[in-house]
Amino acid sequence: MQVNGKELNINLLSVSFSERFENALKTLKEGADHIKADSLAESLRQQIDCVKAFVDNVFSPGTYQSLGLDPDDLSVHYDLVDHIIEEVDLQRQKAVTRFDKYRPNRAARRAK
């Protein structure tokens, strides 16, 4: 997946990537649940910080910084998270389809 010319390697079939993604997504959701701010600006900052941590936890420390995103635009950050999740979902669907080829056909076994 390309973001501002930087390649982000998403490989759901890699155990280490899957673990990092699942843990980072859990942390992102927990962080979002705990946002408490006195102002809209502070709320936006806290949400952006959650996304920064998510990206660095999924890929590697420093990845967020290397992407060159607008540090003040929450919309850009949400778009990035959406794209990452969409790519993971696409890979998950491909994996399920691939694994289904090797699953025994239960209806055929019952007919015997």
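Scope of this entry: the structure provided in the associated data block. (Residues numbered from 1 in each chain as written. Predicted model: local features only at pLDDT ≥ 70, side-chain atom pairs only at ≥ 80, totals over all residues. Heavy atoms only, no water.)

**A closer look at the side chain of Gln46**
Here Gln46 is to be found in helix H2 (residues 40-58). Here Lys36 takes part through its backbone nitrogen, which lies 3.4 Å from a polar atom of the side chain of Gln46. If sequence neighbours within four positions are ignored, Gln46 has contacts with Ile35, Lys36 and Ala37. (Helix = DSSP H or I, 4+ residues; strand = E, 2+ residues; numbered from the N terminus. Polar contact = N/O pair within 3.5 Å; in protein donor to acceptor, adjacent residues only side chain to side chain. Contact = heavy atoms within 4.5 Å.)

**Topic: the packing of helix H1 (residues 15-33) against helix H4 (residues 74-100)**
One can describe the packing of H1 onto H4 by two numbers: an axis separation of 13 Å at closest approach and a directional angle of 135°. Relative to H4, the element H1 is oriented oblique. Regarding H1 and H4, the two cross each other, and that crossing is left-handed. Mapping the contact onto sequence places Phe17, Phe21, Leu25 and Leu28 in H1 and Val81, Ile84, Ile85, Val88 and Arg92 in H4. Grouping the amino acids of the contact of H1 with H4 by side-chain chemistry returns eight nonpolar, no polar and one charged. (Axes fitted to C-alpha atoms, helices over the stretch in contact; angles between N-to-C directions. Parallel < 35°, antiparallel > 145°, perpendicular 65-115°, else oblique. Left-handed = near helix turned anticlockwise from the far one by under 90°. Nonpolar A, V, L, I, M, F, W, Y, C, P; charged D, E, K, R; others polar.)

**Some details on the pattern of salt bridges**
This structure, assessed with the given rule, holds three salt bridges. One salt bridge connects Lys52 with Asp49, and the closest N-O pair in it is separated by 3.8 Å. Here Asp49 and Lys52 lie together in helix H2, a separation of three residues that amounts to about one turn. Owing to a relative accessible area of 44%, Asp49 belongs among the partly exposed residues under this scheme. Among the ionic pairs, Arg92 bridges to Asp89, the shortest N-O distance being 3.8 Å. Of this pair, Arg92 and Asp89 both sit in helix H4, three residues apart, roughly one helical turn. You can call Asp89 partly exposed: its relative accessible area is 39%. (Salt bridge = Lys/Arg side-chain N within 4 Å of Asp/Glu carboxyl O. Buried < 20%, exposed > 50% of the residue type's maximum accessible area, 1.4 Å probe, protein only.)

**Looking at unusual backbone geometry**
Notably, Asn4 is not glycine yet its phi reads approximately 50°, a positive angle. Mapped onto the elements of the fold, Asn4 is located in the loop between strand E1 (2-3) and strand E2 (6-7). Under the relative-accessibility criterion, Asn4 is labelled exposed at 57%.

**Remarks on the environment of Ile85**
Looking at the secondary structure, you find Ile85 in helix H4. In this structure Ile85 comes out as partly exposed when scored by relative accessible area, which is 25%. Considered as a pair, Ile85 and Leu25 are 60 residues apart in the sequence and their alpha carbons are 9.3 Å apart. Leave out the neighbours within four places in its chain, and Ile85 touches Phe21 and Leu25.

Geometric values such as these leave the question of function open.
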